[in-house]
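# Geometric and topological summary
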Amino acid sequence: MREREIPPFPPFPGTVVEARLLQERLRGSVRVEPLDPSRLRRVAAADVTFLDEKETVAAAVVVVGYPSGDIIEERTAVVRTGFPYVPGYLSFREGPAILAAWVRLRHPPDAVLLDGQGVAHPRRFGIASHVGVLLDVPSVGCAKSRLVGEHDEPGPEKGEWAPLRHEGEVVGAALRTRRGVKPVYVSVGHRADLLSSIALVLSLCPRYRIPDPARRAHQLTQELRAGKIPLSR
């Protein structure tokens, strides 16, 4: 398969000190602006898993039609990482594998969901912001747990949400995607704003707590771990 021609990505730092400096430098590149659903034809989601103790990382990117949700394309990639697990530095551990899967896509997505934080981050530059800035594509963080901030309990119905605040600033939302289930944590990654990020996540959650393309991406990484599909497709 011929990979799309994408300019080379800058190298990821190998130490926490270097990674922090890069986050602080690049966070000024994040653009907060409404995400226009009329411009969306394809939305992607990414998931990452670790295959072994040698820190071999497998990533899956699933592209769906919008708003139908029909799967258009699925790609995976496997890379090695030496970056340690440190809260707040997820993009340096998982980002290279996501980008390796991304460049194999034949259908360029118009937006991407990341299983992690965007600006709801100590330095306002989590994995959703980092990947969005590198790709220059609208990106949204949709995490199952929060990294920073406090919030009131959102109402019990689907679509109800409460602002997630950190250091006096609204950095995201605790969003109810199904009645009575735990909220997910939505935050701006890049080239989106909070209200349009919430709307995008809700539109991709017709049945489950987690957006459908993100659920499928997770299924793919688990199939990779179990050896049910080849390590590259």
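All values derive from a computational prediction rather than experimental measurement.

Our next topic: the overall build of the protein chain. Along the protein chain, the regular secondary structure elements total five helices and eight strands. Going from N to C terminus, the protein chain has its helices and strands arranged as α-β-β-β-α-β-α-β-β-β-β-α-α. Along the three orthogonal principal directions, the C-alpha set of the protein chain runs to about 45 × 40 × 35 Å. Residues classed as buried in the protein chain amount to 53% of the 233 residues present. With an accessible surface of roughly 11000 Å², the protein chain has 50% of that area assigned to carbon and sulfur atoms. In the protein chain, 33 positive and 27 negative side-chain charges are present, and the distance between their average locations comes to 3 Å.

Moving on, we get to the sheet that holds strand 4 (residues 111-114). Strand pairing in a sheet relies on backbone hydrogen bonds, with the paired strands running either antiparallel or parallel. Taken in spatial order, the eight strands line up as 3-2-1-4-5-8-7-6 in an open sheet, and their pairing is mixed. Both edges of this open sheet fall to strand 3 (71-80) and strand 6 (161-166), since each of them pairs with a single strand only. Pairwise comparison of adjacent strand axes, ignoring direction, gives a mean angle of 25° for this sheet. Here strand 7 (residues 169-175) runs beside strand 8 (residues 184-190); their pairing, made up of three bridges, is antiparallel. Across the sheet, Leu175 pairs through a bridge with Val184, a residue of strand 8.

For helix 5 (residues 212-225), built from 14 residues, the straight-helix expectation of 20 Å at 1.5 Å per residue is met to within 8% by its first-to-last C-alpha distance of 20 Å. Within helix 5 the residues assigned to the buried category are Asp212, Pro213, Ala214, Arg216, Ala217, Leu220, Thr221 and Leu224. Following helix 5 by one or two positions, Gly227 adopts a phi angle in the positive range, close to 75°.

Time to look at the environment of Pro13. Assignment of secondary structure puts Pro13 in the segment before helix 1 (16-26). Using a relative accessible area of 15% as the deciding quantity, one classes Pro13 as buried. On a C-alpha basis, the gap between Pro13 and Arg93 in space is 9.9 Å, while along the polypeptide they are 80 residues apart. Setting aside chain neighbours within four positions, we find Pro13 in contact with Glu18, Ala19, Leu22, Phe83 and Phe92.

On to the side chain of Gln117. Relative to the assigned elements, Gln117 resides in the loop between strand 4 and helix 3 (127-135). For Gln117, the side chain forms a polar contact with the main-chain oxygen of Ser145, separated by 2.9 Å. Contact partners of Gln117, with chain neighbours within four places excluded, come to Gly126, Ile127, Ala128, Ser129, Gly141, Ala143, Ser145, Arg146, Leu147 and Ser187.

Cis geometry is adopted by the peptide bond preceding Pro67, which originates at Tyr66 and carries an omega value of 5°. Here Pro67 shows up in the loop between strand 2 (56-65) and strand 3. Unusually for a residue other than glycine, Arg124 sits at a positive phi of about 60°. Within the element layout of this structure, Arg124 appears in the loop between strand 4 and helix 3.

Turning next to the pairing of strand 8. Counting buried residues along strand 8, seven of its seven residues qualify, which places the element largely inside the surrounding structure. Two strands pair when backbone bridges link them, and strand 5 (residues 139-143) and strand 8 are joined in this way by five bridges, in the antiparallel orientation. By the bridge assignment for strand 8, Val140 is matched with Val188.

Calculation criteria
- Residues numbered from 1 in each chain as written.
- Predicted model: local features only at pLDDT ≥ 70, side-chain atom pairs only at ≥ 80, totals over all residues.
- Heavy atoms only, no water.
- Helix = DSSP H or I, 4+ residues; strand = E, 2+ residues; numbered from the N terminus.
- Buried < 20%, exposed > 50% of the residue type's maximum accessible area, 1.4 Å probe, protein only.
- Areas by Shrake-Rupley, 256 points an atom, 1.4 Å probe, with all protein chains shown as cover.
- Lys, Arg positive; Asp, Glu negative; His and termini not counted.
- Charge placed at Lys NZ, Arg CZ, Asp CG, Glu CD.
- Pairing = 2+ DSSP bridges.
- Axes fitted to C-alpha atoms, helices over the stretch in contact; angles between N-to-C directions.
- Expected span 1.5 Å × (residues − 1).
- Contact = heavy atoms within 4.5 Å.
- Polar contact = N/O pair within 3.5 Å; in protein donor to acceptor, adjacent residues only side chain to side chain.

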